[in-house]
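Next come the chains, spelled out residue by residue.
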Amino acid sequence: MEKAKKEVAVATLNSKIYFGLVERLKRKNIGFISKKPWEPIPLGVKIVFTTKDEASNIKHHTIVFCEEGNLDRVVEEASAIIQGLDGKSFDELLVGIDPGKTIGLAVVSRGVVLNSSTKHSLKDVFQTLEQTIQSLKPKRVLVKVGTGGCLNQEFKEKVEDFAGFVWEKFKVPLKVLFVDEKNTTTIVKRRKIKKREKDMFSAVEIALRG
């Protein structure tokens, strides 16, 4: 008998959230493994459930933030994301870019962080986004760029040029918004995010701003 694939990891020390997730995952027949936040995640895992406070300890491309009040929703969304990663189309990708000496990049869909990373150049950012769009086939992309002190006219123009490239290559509309980064540094300090992960976390915050 073939074993069910375990594509989800539950990585939290919060007992209420852990047992709430386990109950819901079992109910939906979603295979999962349990990990402590600092333990390595197997390559076959597509999504990791954790809390925002514990997320900085986890090294994975797709992290779902859980709270006691959103467990039903995140499990439903994760189920859809798993199917989406298997080839179904995403309606919209939200992209956060935090300009600086190193550039924070985050890709979010339906409240789930699909990718958060630090890049050394805009060329690296665009290469990652091109690969993501090619893989996930979204219907549209909304790129939000933080308007911090490191944002200049050349940076703006390159991001806007990239929107044209995406339309020409994939026929996917990409809209660029420049959003206020205010309070992202305060949030990073309050959550004690490690310095090397600050840009990634700020990019997630930017992507999720209204």
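Structure: above.
Only a predicted model underlies this, so the values are computations on that prediction, with no experimental measurement involved.

Caption draft 1: Layout of the packing of aromatic side chains. Under the definition given, this model contains 3 aromatic pairs. For the ring pair Tyr 18 and Phe 19, a centre distance of 5.1 Å and an interplane angle of 85° mean the geometry is edge-to-face. On the basis of relative accessibility, which here comes to 56%, the residue Phe 19 falls in the exposed class. Ring centres of Phe 126 and Phe 162 lie 4.4 Å apart, and the angle between their planes is 5°; this geometry places the pair in the stacked category. With a gap of 36 residues between them, Phe 126 in helix α3 (residues 122-136) and Phe 162 in helix α4 (residues 153-170) connect regions that are remote in the sequence.

Caption draft 2: Spotlight on helix α6 (residues 198-207). Where burial is concerned, most of α6 is hidden: 9 out of the 10 residues are buried. Every buried residue belonging to α6 is among Asp 199, Met 200, Phe 201, Ser 202, Ala 203, Val 204, Glu 205, Ile 206 and Ala 207, and all of these are buried.

Caption draft 3: Quick look at helix α1 (residues 15-27). Between its terminal C-alpha atoms α1 stretches 18 Å, which fits the 18 Å expected from 13 residues at 1.5 Å a residue. All buried positions along α1 are accounted for by Ile 17, Gly 20, Leu 21, Val 22, Arg 24 and Leu 25. A distance of 3.2 Å separates the backbone nitrogen of Lys 16 from a side-chain oxygen at the start of α1, and that oxygen is part of Asn 14. Directly beyond the C-terminal end of α1, a positive phi value near 55° is found at Asn 29.

Calculation notes
- Residues numbered from 1 in each chain as written.
- Predicted model: local features only at pLDDT ≥ 70, side-chain atom pairs only at ≥ 80, totals over all residues.
- Heavy atoms only, no water.
- Phe/Tyr/Trp six-rings, centres within 6.5 Å; stacked < 30°, edge-to-face > 60°.
- Buried < 20%, exposed > 50% of the residue type's maximum accessible area, 1.4 Å probe, protein only.
- Helix = DSSP H or I, 4+ residues; strand = E, 2+ residues; numbered from the N terminus.
- Expected span 1.5 Å × (residues − 1).
- Polar contact = N/O pair within 3.5 Å; in protein donor to acceptor, adjacent residues only side chain to side chain.

All we've got here are geometric facts, nothing functional implied.
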